[in-house]
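Summary of the model geometry
The lines below spell out each chain.
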Amino acid sequence: MRGLRAMFDTSANKKLVEVDGLKMYFPIYTGLLRRHTGNVKAVDGVSFDILEGETLGLVGESGCGKSTCGRAILRLYEPTAGSIKIDGEEIANVGFDKLRKMRPTMQMVFQDPQASLNPRMTVAAIIGEPLSEHSGKSRSDQLDRIYELMDAVGLNRDFANRYPHEFSGGQRQRIGIARALALNPKFIVCDEPIAALDVSIQAQVVNLLEDLQKQFGLTYLFISHDLSMVRHIADRVAVMYLGKVVELAPREDLYADPLHPYTKALLSAVPEPDPVAHDNANRTILQGDVPSPSNPPEGCNFCTRCPSVMDICRKIDPEFREVRPGRFVACHLLNDTKMPADPTAAVEA
Amino acid sequence: MTDGPNQPLATSGATPAGAAPVMEMEAYRPPRNQWWDVWDQFKTHKGALLGLGFFIFALLFVYVGPLIWTIDPTFIDIRARNSGPSLAHPMGTDQLGRDTLARMMAGGQTSIAVGLTAMLLSLVLGTLIGVVAGYFRRLDGPLMRLTDLFLAMPLLPLLLVIIMLFRDQLRAAFGPEGGIFILIVFVIGITSWMQTARVVRGDVLALKEREFVLAAKSIGTPSHRMILRHVLPNVMSPIMVSATLGIANAIITESALSFLGLGFPSDFPTWGRLLFDATDWLQQNPERVMWPGLAISLTVLSVNYIGDGLRDALDPRIRGR
């Protein structure tokens with residue numbers, strides 16, 4: 001990830017999050033003796049940077065490792081390998097106490113607002129938990145801050161004594177966002193924050209996230225499978241497939257001219273509101289299923305389903321490299337060594 | 001939480017971001033201690049209130065009663081033996097002419113004390129082992145095997161051995177009654193925690209994967225506070241249930257031990273002892289069986305209802321319904 005400096009207009013900003021070669025394997029134990037027989041390679045060598053104040057969208061189909069990646073970056077899982085730097089400090093292998101001191105800089109908004117709030121705690125207690133853990137303020141100061149946060153996310157202050165089950169999904173997600181904001185974090189991982197909400201509420205929550213970003217200068221890693229929402233909110237987009245980032249590009253470039261065949265297929269699957277256009281759309285429909293992450297194919301992970309697969313794809317894993325300024329792709333089609341394949345890919349787009 | 005409508009209407013209109021002036025702060029109720037909510041809900045549970053009422057009555061009966069009804073439970077009035085209820089002996093007398101009412105009071109003190117302390121001991125043990133086994137994966141195997149071991153042990157022979165081994169030392173150290181009390185509580189507590197531990201462990205395993213625990217982890221909450229704040233309150237229901245069942249179990253086990261001659265000395269009354277003594281006289285004085293039987297059943301029932309009400313009151317989702 002060397003050439004990121006020459007990216008685009010936000011290039012003046014410094015890198016807030018640097019992820020390099022992150023791997024998150026979950027061991028599989030089988031048999032009577034529970035022997036370690038393999039790994040589920042949920043995240044398999046992911047590298048990207050996030051600049052201060054930007055939103056990086058992370059998209060991909062279900063089970064490709066998006067959420068695991070987000071959680072591993074916050075050290076909610078113990079990553080198998082790789083380095084994660086947040087605000088210049090390495091967190092991939094620091095101890096609990098040091099990590100605890102760094103927790104306020106990085107927070108998370110969870111997918112399921114119902115499950116991410118403790119049903120036995122009041123809203124004030126939920127939002128106040130990070131404060132009581134880290135701020136060391138008196139109880140009345142904490143309460144002032146809780147009210148401030150509830151104002152910021154548009155919750156009535158009178159809700160402070162209520163319990164999560166008394167709220168709608170959108171309100172619950174606001175509670176989750178308020179909790180994430182409590183310690184003035186710089187970086188927030190939004191793990192599909194809108195997936196469990198209905199469409200009208202999705203817009204509210206996304207707008208709230210954008211407003212808060214402007215207000216507090218937040219940096220987001222926005223994990224989603226909703227491509228249109230990512231297009232709306234993200235500055236740059238990373239596309240994941242089977243534990244690897246296959247393409248990383250500025251939003252406009254990615255949506256206008258996807259380079260990786262998987263990105264093309266993903267974008268062509270976006271539903272079209274106009275029924276005529278919907279029926280006539282020339283879609284790339286992928287055959288087959290995603291291979292198991294415990295047993296990924298040799299070579300390129302996408303070679304089993306790629307419409308323009310070549311021999312080399314089944315043998316060598318393509319390197320994730322910058323093919324145009326600011327655009328990173330891992331695909332043999334774009335490598336100079338295989339020139340003849342390139343035009344066909346362009347035609348297909 | 002039920003007095004929401006008392007708030008002025010002006011505050012219920014949506015307050016836009018940052019617009020609320022500091023002046024208005026006073027209008028909002030500060031977070032109330034949740035035990036008030038628990039009590040409010042508990043009050044709505046008729047069975048629980050009735051149970052609590054009876055339990056308080058039972059406590060007064062056994063602890064304050066002897067101050068009013070001053071006959072010595074061990075006083076032998078051989079001329080009045082086997083008499084039915086009368087003004088001098090409202091619950092009658094036993095085969096040695098001891099006053100049953102006085103013996104019921106004295107026996108209740110022991111039975112309730114044994115029930116409560118043994119329940120607490122088994123609850124603490126079971127919860128501790130269940131939570132630790134469920135939360136810390138490394139300890140799960142050893143602790144659950146220990147639980148299986150205790151479950152597989154034949155309890156009665158074990159009790160016999162424990163009592164044989166330690167009765168005399170404890171008697172020497174704490175006096176005949178105190179020593180036996182400690183022994184019985186310990187024996188009942190140590191042999192009845194396994195069910196609680198298993199149920200709690202299962203619940204903790206499920207809770208640990210919930211997103212709010214992950215959220216607390218992302219805040220940097222250390223394990224002990226995670227357990228106290230997020231895990232324990234959410235496993236309250238099974239703990240409550242085993243607590244109420246535990247009291248009943250402890251009182252009945254104590255009776256069984258007394259019956260076998262392993263519990264308290266034979267002249268030392270407990271409800272279980274009275275019950276077993278009275279079975280021999282079932283033909284002549286059936287009421288002698290009824291008094292302790294009624295006392296045990298009603299106490300156990302009242303505790304069960306209290307537990308039921310408490311469990312409902314502790315769950316915010318049921319509260320306010």
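Refer to the preceding data block for the structure.
Quick look at the structure, then. (Residues numbered from 1 in each chain as written. Chains lettered and ligands numbered in written order. Predicted model: local features only at pLDDT ≥ 70, side-chain atom pairs only at ≥ 80, totals over all residues. Heavy atoms only, no water.)

1. A closer look at the pairing of strand S4 (residues 81–86) of chain A
Residue and element names in this part refer to chain A. Note the threshold: Following DSSP output, two strands are said to pair if at least two bridges run between them. Here a helix means four or more residues in a row that DSSP labels H or I, a strand means two or more in a row labelled E, and each is numbered from the N terminus.
Direction of pairing for strand S1 (residues 15–30) relative to S4: antiparallel, over a ladder of five bridges. Within S4, the position partnered with Lys23 by the bridge is Ala81. Across two bridges, S4 lies against strand S5 (residues 89–90) in antiparallel orientation. Looking across to S5, one finds that Ile86 is bridged to Glu89. Between S4 and S5, which follow one another and run antiparallel, lie two residues, and Asp87 among them has a positive phi close to 55 degrees.

2. Quick notes on the side chain of Glu287(B)
Quick reminder of the rule: Throughout, exposure labels follow a simple rule: accessible area from a 1.4 Å probe, protein chains only, divided by the maximum for the residue type, with under 20% read as buried, over 50% as exposed, and the rest as partly exposed. Charge assignment: positive for Lys and Arg, negative for Asp and Glu; neither His nor the chain ends contribute. We define a salt bridge as a contact between a side-chain nitrogen of Lys or Arg and a carboxyl oxygen of Asp or Glu at a distance within 4 Å.
Position of Glu287(B) among the secondary structure elements: in helix H14 (residues 286–314). One buried charged residue, Glu287(B), remains without a salt bridge, the closest side chain of opposite sign being Arg288(B) at 6.9 Å.

3. Here we look at empty space enclosed by the protein
All names here are of chain B. So the rule is basically this: Cavity means a closed set of points on a 1 Å grid over the protein atoms alone, one where a 1.4 Å probe fits but cannot get out, pocket means an open set with protein on both sides within 12 Å along at least 5 of 7 lines, and lining means a residue has an atom within 4 Å of a point. Grid points are joined across faces, edges and corners, and a volume is the space filled by probe spheres set on the points. Three residue categories are used. Nonpolar comprises Ala, Val, Leu, Ile, Met, Phe, Trp, Tyr, Cys and Pro, charged comprises Asp, Glu, Lys and Arg, and polar comprises the others, including Gly.
Per the stated rule, a full pass over the model turns up three cavities of 30 Å³ or more. Computed from the structure, the largest cavity encloses a volume of approximately 80 Å³. Lining of the largest cavity is provided by Asp94, Gln95, Arg98, Thr100, Arg103, Leu274, Asp277, Ala278, Arg288 and Pro292. Among the elements of the structure, helix H5 (100–135), helix H13 (271–279) and H14 are those that each provide at least two residues to the lining of the largest cavity. By residue number, the principal contributor to the lining of the largest cavity is H13, which donates three residues. Tallied by class, residues from the lining of the largest cavity come to three nonpolar, two polar and five charged.

4. A look at the pattern of salt bridges
It is possible for side chains bearing opposite charge to pair when their charged atoms get close. Applying the stated rule across the entire model yields 29 salt bridges over all chains. The shortest N-O distance in the salt bridge between Glu211(B) and Arg71(A) comes to 3.1 Å. With one member in each of two chains, Glu211(B) in helix H10 (residues 211–219) and Arg71(A) in helix H1 (residues 66–73) form a pair that bridges those chains. In this structure, the salt-bridge partner of Arg229(B) is Glu129(A), at a minimum N-O distance of 2.9 Å. Of this pair, Arg229(B) sits in helix H11 (residues 223–231) while Glu129(A) sits in helix H3 (residues 123–134), each in a different chain.

5. Points about helix H7 (residues 155–174) of chain B
One full turn of an α-helix is made of 3.6 residues, so residues set three or four places apart face in the same direction. Residue and element names in this part refer to chain B. For clarity, the threshold we go by: Here a helix's expected span is defined as the number of its residues, less one, multiplied by 1.5 Å. At any given residue, the bend is defined as the angle formed between two axes, one fitted to the seven residues that end at that position and one fitted to the seven that begin there.
Compared with the 28 Å implied by 1.5 Å per residue over 20 residues, the 25 Å span of H7 between its first and last C-alpha is markedly short. At Phe166, H7 shows its maximal kink, close to 45 degrees. Here H7 has its buried residues at Leu159, Ile162, Ile163, Arg167 and Leu170. Downstream of H7 by a residue or two, Gly175 has a phi angle that is positive, lying close to 85 degrees.

Just geometry here; none of it tells us what the structure is for.
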